[in-house]
Amino acid sequence: MESLAALPDFVEESLNHVDSDMDKGEILSVLSKLVFYPIKNIDSLRIPVQNSYVNKTYPHSGAVLEINLEENREALKDFLMKPSPVNREYHY
């Protein structure tokens, strides 16, 4: 795996562009787990949620989506707070 051998250099270069409280060793540890134990399923949410917006046109601003902010806030809160099984075959 040539690309795996390049991982430390990639992390070193990336750290020049990112602020993190994780050190290089911690980042390499997490990345190596992702390489060897990939995540099989990723949940996603589209904002605005379906049926929570209408297309409108206004002379001063043109075409816009008028969204129901409260409905989208609730959908996002539910998505982030719902229990979700972690689909992994290993333990940290």
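Refer to the preceding data block for the structure.
Residues numbered from 1 in each chain as written. Predicted model: local features only at pLDDT ≥ 70, side-chain atom pairs only at ≥ 80, totals over all residues. Heavy atoms only, no water.

### Description of the overall build of the protein
So, point 1. Each helix and strand in the protein was counted, giving four helices and two strands.
So, point 2. Its helices and strands taken in sequence order, the protein reads α-α-α-β-β-α from the N to the C terminus.
So, point 3. Every one of the 92 residues in the protein was classed for burial, and the buried ones make up 10%.
So, point 4. In the protein, of all internal contacts separated by at least 6 residues, the share reaching a separation of at least 24 is 37%.
So, point 5. When the accessible surface of the protein is totalled, it reaches about 7900 Å², and 56% of it is carbon and sulfur. (Helix = DSSP H or I, 4+ residues; strand = E, 2+ residues; numbered from the N terminus. Buried < 20%, exposed > 50% of the residue type's maximum accessible area, 1.4 Å probe, protein only. Contact = heavy atoms within 4.5 Å. Areas by Shrake-Rupley, 256 points an atom, 1.4 Å probe, with all protein chains shown as cover.)

### Digging into the environment of L80
So, point 1. Note on placement: L80 falls in helix α4 (residues 69–81).
So, point 2. What makes L80 exposed here is its relative accessible area of 58%.
So, point 3. Note: C-alpha distance between L80 and S44 (36 residues apart in sequence) is 9.9 Å.

### A word on the pattern of salt bridges
Where charged atoms from two side chains of opposite charge approach closely, those side chains can pair.
So, point 1. Tallied over the full model, the rule gives one salt bridge.
So, point 2. With a shortest N-O distance of 3.8 Å, R73 and E70 are connected by a salt bridge. A residue pair is termed a helical-turn pair when its members lie 3 or 4 positions apart in one helix, as R73 and E70 do in helix α4 at three residues.
So, point 3. R73 gets classed as exposed once you look at its relative accessible area, which sits at 51%.
So, point 4. The exposure class of E70 is partly exposed, given its relative accessible area of 45%. (Salt bridge = Lys/Arg side-chain N within 4 Å of Asp/Glu carboxyl O.)

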